Amino acid sequence: MTRIGAKALCLFRYGDKVLLAKGYDPNKDEYFFRPIGSGIEFGETSVQSIEREVLEEIQQQIAQPKLICVLENLFSFDGQQGHEIVFVYDAEFVDSALYNEAEIQGHETNGFTYIA
């Protein structure tokens with residue numbers, strides 16, 4: 001990647017737990033964890049991005065999103081260097097029953113599924 005990307009990620013906390021998506025880097029042959037979210041689309045705010053991503057990936061609506069930090073991330077994934085600016089939010093689920101789930105099935109738009 002030769003450009004700086006813009007992403008928005010959202011933390012969901014409940015007691016001493018936090019919801020994270022499990023990912024895998026085949027080049028490094030290792031797993032990693034990150035909050036739910038993805039790239040901000042053109043014309044979309046970072047808040048709109050997390051609302052859309054959470055709805056698309058785990059079919060849930062969020063309430064009270066609060067920006068907690070903005071960070072710069074230099075990384076490698078699948079053998080490619082990356083550089084991104086990340087807006088990190090804290091929010092709550094509208095459906096509080098979700099907090100009792102041990103795992104949540106997530107779906108990326110490319111068909112990839114994951115466990116959060």
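Residues numbered from 1 in each chain as written. Predicted model: local features only at pLDDT ≥ 70, side-chain atom pairs only at ≥ 80, totals over all residues. Heavy atoms only, no water.

Quick notes on the overall build of the protein
Okay, step 1: Scanning the protein from N- to C-terminus turns up one helix and 10 strands.
Okay, step 2: Of the regular secondary structure in the protein, the N- to C-terminal order runs β-β-β-β-β-β-α-β-β-β-β.
Okay, step 3: Computed over the C-alpha atoms, the radius of gyration of the protein is 14 Å, within 12% of the 13 Å expected from 2.2 N^0.38 for a compact globule of 116 residues.
Okay, step 4: When each of the 116 residues of the protein is scored for burial, the buried share is 32%.
Okay, step 5: Residue pairs at least 24 apart in sequence account for 57% of intrachain contacts in the protein once pairs closer than 6 positions are excluded.
Okay, step 6: Element-wise, carbon and sulfur atoms account for 51% of the exposed surface of the protein, whose accessible area totals about 7400 Å².
Okay, step 7: Across the protein, 9 positive and 19 negative side-chain charges occur, with their mean positions spaced 4 Å apart. (Helix = DSSP H or I, 4+ residues; strand = E, 2+ residues; numbered from the N terminus. Rg over C-alpha atoms; globule rule 2.2 N^0.38 Å. Buried < 20%, exposed > 50% of the residue type's maximum accessible area, 1.4 Å probe, protein only. Contact = heavy atoms within 4.5 Å. Areas by Shrake-Rupley, 256 points an atom, 1.4 Å probe, with all protein chains shown as cover. Lys, Arg positive; Asp, Glu negative; His and termini not counted. Charge placed at Lys NZ, Arg CZ, Asp CG, Glu CD.)

Regarding the pattern of salt bridges
Okay, step 1: Applying the stated criterion across every chain yields a total of six salt bridges.
Okay, step 2: Close ionic contact of Glu-84 with Lys-7 constitutes a salt bridge, the shortest N to O distance being 3.0 Å. In this pair, Glu-84 sits in strand β8 (residues 80-93) while Lys-7 sits in strand β1 (residues 5-11), placing the two residues 77 residues apart along the sequence.
Okay, step 3: By relative accessible area, Glu-84 is classed as buried at 8%.
Okay, step 4: Taking relative accessible area as the criterion, Lys-7 reaches 24% and is therefore assigned partly exposed.
Okay, step 5: For Arg-52, the salt bridge identified is with Glu-44, shortest N-O distance 2.7 Å.
Okay, step 6: Note on Arg-52: relative accessible area 17%, which makes it buried.
Okay, step 7: Among the ionic contacts, a cluster of salt bridges with common partners joins Glu-41, Glu-44, Arg-52, Glu-53 and Glu-56. (Salt bridge = Lys/Arg side-chain N within 4 Å of Asp/Glu carboxyl O.)

Thoughts on the state of the cysteines
Okay, step 1: Within this structure, the stated rule accounts for zero disulfides.
Okay, step 2: Between Cys-10, a cysteine without a disulfide, and Cys-69, which holds the nearest cysteine sulfur, the sulfur-to-sulfur distance is 12 Å. (Disulfide = S-S within 2.5 Å.)

Overview of the pairing of β8
Okay, step 1: When β1 meets β8, the two strands line up parallel, connected through seven bridges. The residue of β8 that forms the bridge with Cys-10 is Tyr-89.
Okay, step 2: As consecutive antiparallel partners, strand β7 (residues 62-77) and β8 are separated by two residues, and within that stretch Asp-78 has a phi angle of approximately 55 degrees, a positive value. (Pairing = 2+ DSSP bridges.)

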